[in-house]
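# Structural overview
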Amino acid sequence: MKALLKLSTAVAVFALSAHMAFAGPKSVSGPGADPQCFKPWSSETKFFQWDAKPGPYRIAVVNGFVGNTWRIQMIKTAKAFAEDPSIKDKIKEFKVVSTGTDAPAQLGAIEDFINQGYDAIVTIAVSPDGFDRVIRLADKNNVVIVPFDNVLDTDKVMQVNEDQLAMGHTWAEFVLKELKAEGKTSGKILEVRGLPGNSVDRDRSIGIHEALDASGGDWEVIQVVGNWDDGTAQKVSADAIAVHGKFDAVIAQGGTTGVVQAMLDAEHPMVPIAGESENGYRKLVAKYADKGLKGISIGQSPGLVAISMKAAISALEGNVMPQLISVPLPVADYTELKDGVNYWTDLPDNFFTVNEFPPCGVNISGPAIMSQSEADVK
């Protein structure tokens, strides 16, 4: 009898450990919930489903780097969206932390929130790899992790992003088109890169160079690191102009307002520029387009955090979700800019202009975002 009891206990323990080992989302068939908002990346995207949990939920945003205006606006956007009537009643507790560029610090923060019993963690990954341990811990505890923006090189978690490779292609193709219209099929291009070590910086640069290489032109590309920050980008652009002289075009992953200001300060001729969606950059394009600043602005919106929070809640409610959610690229060039529509003369230069996602019901006003504190919620 004792032997039978021991055997039964051992079987129960084994069954429990096996259940815990295979906890987390199930791979299921699509379609997923709200496909207009949570659009699968491609026809090959798989679908996840977590066991439904009763709300309201405890949600944390674990940011890494915080040294530029995009990250500050992202934190403000997360806070504003947490107070939005569409989700406010679904959130029991909401916290934001920023851990800097140290990957172990970010992993430790995520692990801490899991151990505290948080239901979902939205994060911008410091590195595209190294998250296997916290993913396993999250699965064991049925916690939903949603990387966005700088995503992970894995298909084990639900992620939200714009197509960074396509963004790089579009930037380069735009300046190639504008240069061709000037009769130029070769020349010197300044590439202002983002934060080193991030998947976004990597994939955008790959897309840029793929398009330049495919053009068949003889392009000399000078790379500088701008950290997606206006002040840094202005300094490194000014240095590049001082060392290399005139550029035929500029492709800037971010800090684009600073890049244009460096050109103005150096009395560099206005040239085609591909850049981000900073309000200041769009103001400058509108002002100087007739002087040669033929610009395109593509926004990696800080509002991605809101879609990620909404996706996390949908997953916690037991809905079927795409493993990789695609957010369309919001594009505006110098022929399409309108004050009060896609840029604002009465908002700061460092405000990122793209924060509305009608298919998701996400519509966070500029004033609502700017009224939030940029400090972490402790």
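### Observations regarding the sheet that holds strand 1 (residues 26-28)
- Across the sheet, which stays open at both edges, the 3 strands sit in the order 1-2-13 with antiparallel pairing between neighbours. Strands at the two margins of the open sheet, each flanked by one partner only, are strand 1 and strand 13 (321-322).
- Here strand 2 (residues 47-49) pairs with strand 13 via 2 bridges, running antiparallel. If you follow phenylalanine 48 over to strand 13, its bridge partner there is methionine 321.

### Here's the deal with helix 10 (residues 304-316)
- The end-to-end C-alpha distance of helix 10 is 18 Å, a good match for the 18 Å that 13 residues give at a rise of 1.5 Å each.
- Every buried residue of helix 10 is listed here: Leu304, Val305, Ala306, Ile307, Ser308, Met309, Ala311, Ala312, Ile313, Ser314, Ala315 and Leu316.
- Where helix 10 terminates, the next one or two residues include glycine 318, which has phi positive at roughly 90°.

### With respect to the pattern of salt bridges
- For the coordinates displayed, the defined rule picks out 19 salt bridges.
- Among the ionic pairs, arginine 193 bridges to aspartate 201, the shortest N-O distance being 2.7 Å. Per residue, the accessibility class of arginine 193 equals that of aspartate 201, and both read buried.
- Aspartate 239 is paired through a salt bridge with lysine 235; the nearest N and O atoms lie 3.1 Å apart. Within this pair, aspartate 239 and its partner lysine 235 are both found in helix 7 (residues 230-244), separated by 4 residues, close to a single helical turn.
- On the basis of relative accessible area, aspartate 239 is assigned to the partly exposed category, the value being 38%.
- Classification of lysine 235 by relative accessible area gives exposed; the value is 53%.
- The network of salt bridges with common partners includes Glu182, Lys184, Lys246 and Asp248.

### Brief notes about the side chain of glutamine 164
- Along the chain, the position of glutamine 164 falls in helix 5 (residues 164-181).
- You can call glutamine 164 buried: its relative accessible area is 3%.
- Within the structure, glutamine 164 has its side chain in polar contact with the side chain of arginine 204 (distance 2.8 Å).
- Residues within four places of glutamine 164 in sequence aside, it is in contact with Val200, Asp203, Arg204 and Gln300.

### Here we look at the packing of aromatic side chains
- In this structure the tally under the stated criterion is 4 aromatic pairs.
- Consider the rings of phenylalanine 113 and tyrosine 118, whose centres lie 4.9 Å apart with planes at 70°: the pair is edge-to-face. Assigned by exposure class, phenylalanine 113 and tyrosine 118 land together as buried.
- Considering the side-chain rings of phenylalanine 174 and tyrosine 334, the 6.3 Å spacing of their centres and the 70° angle between planes classify their relative orientation as edge-to-face.

Reading guide: rules and limits
Residues numbered from 1 in each chain as written. Predicted model: local features only at pLDDT ≥ 70, side-chain atom pairs only at ≥ 80, totals over all residues. Heavy atoms only, no water. Pairing = 2+ DSSP bridges. Helix = DSSP H or I, 4+ residues; strand = E, 2+ residues; numbered from the N terminus. Expected span 1.5 Å × (residues − 1). Buried < 20%, exposed > 50% of the residue type's maximum accessible area, 1.4 Å probe, protein only. Salt bridge = Lys/Arg side-chain N within 4 Å of Asp/Glu carboxyl O. Polar contact = N/O pair within 3.5 Å; in protein donor to acceptor, adjacent residues only side chain to side chain. Contact = heavy atoms within 4.5 Å. Phe/Tyr/Trp six-rings, centres within 6.5 Å; stacked < 30°, edge-to-face > 60°.

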